[in-house]
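# Coordinate analysis (summary)
Listed below, chain by chain, are the residues.
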Amino acid sequence: SLPSLADFGRAIMVRTKYLIATLLGIFGLLAFYFFFPSEERQIKKRFTLLSEYASMDQGETTFSMAQKVKGIGSLFTDKVKLEIPDYQLSGSYTRQDIENYAGRARRSFSRLSLQFLDPIIIFPQKGAANVTLMGRLTGESTGGEEVDESRELTFVLKKIGNQWLFSEVEVTEVPKK
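Here is what the cut-offs are and how they apply
Residues numbered from 1 in each chain as written. Predicted model: local features only at pLDDT ≥ 70, side-chain atom pairs only at ≥ 80, totals over all residues. Heavy atoms only, no water. Helix = DSSP H or I, 4+ residues; strand = E, 2+ residues; numbered from the N terminus. Expected span 1.5 Å × (residues − 1). Contact = heavy atoms within 4.5 Å. Salt bridge = Lys/Arg side-chain N within 4 Å of Asp/Glu carboxyl O. Buried < 20%, exposed > 50% of the residue type's maximum accessible area, 1.4 Å probe, protein only. Pairing = 2+ DSSP bridges. Axes fitted to C-alpha atoms, helices over the stretch in contact; angles between N-to-C directions.

## Here's the deal with helix 4 (residues 95–107)
Here helix 4 contains 13 residues, and its C-alpha end-to-end distance of 18 Å stays within 8% of the 18 Å for a straight helix at 1.5 Å per residue. Those residues of helix 4 that are buried are in contact with helix 2 (39–54), helix 3 (62–74), strand 1 (76–84), strand 2 (89–94) and strand 3 (109–125).

Here it is, written out as C-alpha cells:
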C-alpha cells in the first residue's frame, strides 16, 4: 500500500527539523570559532596587525601615519626588550620609544610592506608565547632605492588581560643569499 499524505508530511517535517538542527550546529561552531579564537589565532592576528600598521603606500597622509604608529605602539608591552644589531638597538625600551623608532623608520620610506612568514608558536607557560618566524621587509626608500630584506626573528608575547602583547623582539639570523 502507498504511504498516506499525512505520513509523507511527517517525513518532510522530520527531515526539515534535522536540517535546521544541523544548520544551527554549523552556525554555532562557526560563531564559536570567530568569537572565541584559539590562543594561536589570537597571536597570528597580532602579527597581521603589526604588518598592517608597519606597511604604507605612496602618498600616505600624516594623520594616517600617526594613527599607524600609535597602532604599532599599542601592540607592545610598556617595557620591551629589543635585540636588533643592524640598527644598534639592544636593551629595554618603552612603548613610546617603539612608536618613535617606528615613526622614524616609516619616514625613511615612500612605500613599505612588512610580512611575517612561517610562524612557529610555542607556549612555554600560561600567558607566554615564543614565536620564531621569517620577517620580510620590501619597499622603496625616500631616496628611490628598492629594499627587499628578510630576517629570522624571535618574538616573546605576554598575555596581559585578554590581549597578547609583544614584550621581546630579537633578530636571530640573517639568511644567506
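## Overview of the pattern of salt bridges
The tally for this structure, following the rule as stated, stands at eleven salt bridges. Notably, a salt bridge pairs E40 with K44, separated by 3.6 Å at the nearest N-O pair. Of the two residues, E40 and K44 both sit in helix 2, four residues apart, roughly one turn of that helix. E40 gets classed as partly exposed once you look at its relative accessible area, which sits at 36%. The exposure class assigned to K44 is partly exposed, which follows from its relative accessible area of 38%. When the shortest N-O distance is used, the salt bridge between E140 and R111 registers 3.5 Å. Taken together, the residues span a long stretch of sequence, with E140 in strand 4 (residues 128–141) and R111 in strand 3 at a distance of 29 residues.

## Some remarks on the sheet that holds strand 2
Strand order in this open sheet of six strands is 2-1-6-5-4-3, and the pairing throughout is mixed. Across the chains shown, the open sheet's two edge strands, defined by having one partner strand only, are strand 2 and strand 3. Mean inter-strand twist for the sheet, computed between neighbouring axes without regard to direction, equals 20°. The sheet strands contacting helix 2 are strand 1, strand 3, strand 4, strand 5 (146–160) and strand 6 (163–173), and the helix crosses strand 3 at an angle near 165°. Set on the sheet, helix 4 makes contact with strand 1, strand 2, strand 3 and strand 6; between it and strand 2 the angle comes to about 120°.

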